[in-house]
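What the coordinates show
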Amino acid sequence: MSNWKGRTAVVTGAASGFGLEACRIAARAGMRIAMADVQADALEAATSEIAGLGAEVLPMRVDVSKAGEVDALAAATLARLGTPHFVFNNAGVGAGGLVWENSLRDWEWVLGVNLMGVVHGVRAFVPAMLEAERRDPSYRGHVVNTASMAGLLNPPNMGVYNVTKHAVVSLSETLYQDLALVSERVRAHVLCPFFVPTGIHRSERNRPAALAEDKPTRSQLIGQAMSEKAVTSGKVTAAQVAQLVFDAMEADRFYVYSHPKALASVQTRLEDIVLARNPTDPFKDRPEVGADLKRALRAAG
C-alpha cells in the first residue's frame, strides 16, 4: 500500500524512538493516528508535535502489558478514527544480566511489555482489520511487530530480552502464515533492528514501582552499561528505521532489518543448528569485547 492519506495508524511506544518517527511519517502522509505510550509527559509532548503537523490524533496512556488497556485503545480507535490500516506493535523495554539473576518480577515485566504487548495488539486489532477487508474490497491492512536482532540471535548477558524478542519473531512469522490462510489484503511484518539510538537503554525510567526493591545485580549493571554504549553509538537513526517500516509495507516485505550486515551472525547461528554444533562464540570477530565482558563478570563473582 502506498497511498496512506486519510487512513488510520495505531502506534504503541509512540512518544519516542521508532514509534514517534513512524507517527511523524504517518502525519506527513495525511493519516489519522492513535498514539499510545506509558509515559504520560512524553506522550503529551509527542501528541502536540504530531497534531502540529496537521494530523488528527487520539492520544492514550496505555500500558501494553495490560489486556484491558489495549482493548480500550482498540475500542477508542475504532470509535474515533475507524479501523486501522497500520498497527505498529512497537512498545518495548530493555533488560540484561545473567539469565538466572533476573527476578520473577523482572521476567513478568519484560515479558508483559515486549511479548504480551504484541499479543494484545494482535488480538485486539486483527479481527477488526479482517472484518474491514470483508466489507471493503479496497481495504489494505498491515500489522508490524517490533522484535530485534536479539530475536534472531542470542547475545549473552541479556537472556530475558532475547527470550521476549525470539517470541515476537515466532508470533509474527506465525501471524504471517495464519493471515495467508484467510486473507489477501491484511499482511504481517516483523521489525528486527540492531543498535539504534532510541532511548531503550533508559527503560528503567518506566520500570514499575513494585520492582524497586529488586536491586540490580552486577551483571545487570554491566549489561545496562554495554547496551547504553552500543545503542548511543549507533549510526542508523530511528527515523531511517521508521522509513524502512513504511517501505516494507509498500513492498509487502515481511522482514525489516536496520543492519543487514548483522545477518551474517544469523546465518552462523542457523548453521550451528543445522549442523548440530555447539553455539558459535558471539565475540569471535571481536575477542577483546568478549574478554572484557568475561573479566568483568568473573570479577563480580
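Note that this is a predicted model, so its numbers are computed, not measured.

All right, on to helix α5 (residues 159–182) then. With 24 residues, α5 extends 35 Å between its outermost C-alpha atoms, agreeing within 8% with the 34 Å of an ideal straight helix rising 1.5 Å per residue. Along α5, the residues that are buried comprise Gly 159, Val 160, Tyr 161, Asn 162, Thr 164, Lys 165, His 166, Val 168, Val 169, Ser 172, Leu 175 and Leu 179. Buried residues in α5 make contact with α4 (104–135), β5 (141–146), β6 (186–192) and α8 (263–274).

Buried residues dominate strand β2 (residues 32–37), accounting for 5 of its 6 residues. Alignment of β2 against strand β3 (residues 57–61), held across 5 bridges, turns out to be parallel. Note on β3: the bridge partner recorded for Ala 36 is Met 60. Chirality of the crossover, the property in question, places the unit of β2, helix α2 (residues 40–52) and β3 among those that are right-handed.

Now for the packing of aromatic side chains. Under the defined criterion, the tally for this structure stands at 7 aromatic pairs. Considering the side-chain rings of Phe 86 and Phe 88, the 5.6 Å spacing of their centres and the 25° angle between planes classify their relative orientation as stacked. A single burial state applies to Phe 86 and to Phe 88, both of which are buried. Assessed through its relative accessible area of 0%, Phe 86 is described here as buried. Among the aromatic residues, those joined into a cluster by ring pairs are Trp 4, Phe 86, Phe 88 and Phe 246.

On to the sheet that holds strand β4 (residues 86–89), then. Read from one edge of the open sheet, 7 strands run β3-β2-β1-β4-β5-β6-β7, paired in parallel fashion. For this open sheet the edge positions go to β3 and β7 (255–257), each flanked by a neighbour on one side alone. Averaged over all neighbouring strand pairs, the angle between strand axes comes to 15°, with direction disregarded. Of the pairings in the sheet, the one linking β6 to β7 comprises 3 bridges and is parallel in character. Bridging across to β7, Val 190 finds its partner in Tyr 255.

Relative to the assigned elements, Glu 228 resides in helix α6 (residues 218–232). For Glu 228, a relative accessible area of 40% puts it in the partly exposed group. In this structure the C-alpha to C-alpha distance between Glu 228 and Phe 195, which are 33 residues apart in sequence, comes to 9.5 Å.

Turning to unusual backbone geometry, a few remarks are in order. Among all residues except glycine, the phi angle is most often negative; among peptide bonds, the trans geometry is most common. Positive phi outside glycine occurs at Asn 157, with the angle close to 65°. Secondary-structure assignment places Asn 157 in the loop between β5 and α5. Given the relative accessible area of 9%, Asn 157 is considered buried. Unusually for a residue other than glycine, Ala 276 sits at a positive phi of about 55°. Relative to the helices and strands, Ala 276 resides in the loop between α8 and α9 (287–300).

Moving on, we get to the pattern of salt bridges. Per the stated rule, a full pass over the model turns up 11 salt bridges. Across the pair Glu 131 and Arg 134 runs a salt bridge whose closest N-O atoms are separated by 3.1 Å. Within this pair, Glu 131 and its partner Arg 134 are both found in helix α4, separated by 3 residues, close to a single helical turn. Since its relative accessible area comes to 61%, Arg 134 is described here as exposed. A salt bridge links Asp 272 to Arg 277, with the shortest nitrogen-to-oxygen separation between them at 2.3 Å. Here Arg 277 falls in the partly exposed class, since its relative accessible area comes to 36%. Salt bridges sharing partners connect three or more residues here, namely Glu 21, Arg 24 and Glu 49.

Cut-offs used in this document
Residues numbered from 1 in each chain as written. Predicted model: local features only at pLDDT ≥ 70, side-chain atom pairs only at ≥ 80, totals over all residues. Heavy atoms only, no water. Helix = DSSP H or I, 4+ residues; strand = E, 2+ residues; numbered from the N terminus. Expected span 1.5 Å × (residues − 1). Buried < 20%, exposed > 50% of the residue type's maximum accessible area, 1.4 Å probe, protein only. Contact = heavy atoms within 4.5 Å. Pairing = 2+ DSSP bridges. Right-handed = clockwise from strand over helix to strand, strands pointing away. Phe/Tyr/Trp six-rings, centres within 6.5 Å; stacked < 30°, edge-to-face > 60°. Axes fitted to C-alpha atoms, helices over the stretch in contact; angles between N-to-C directions. Salt bridge = Lys/Arg side-chain N within 4 Å of Asp/Glu carboxyl O.

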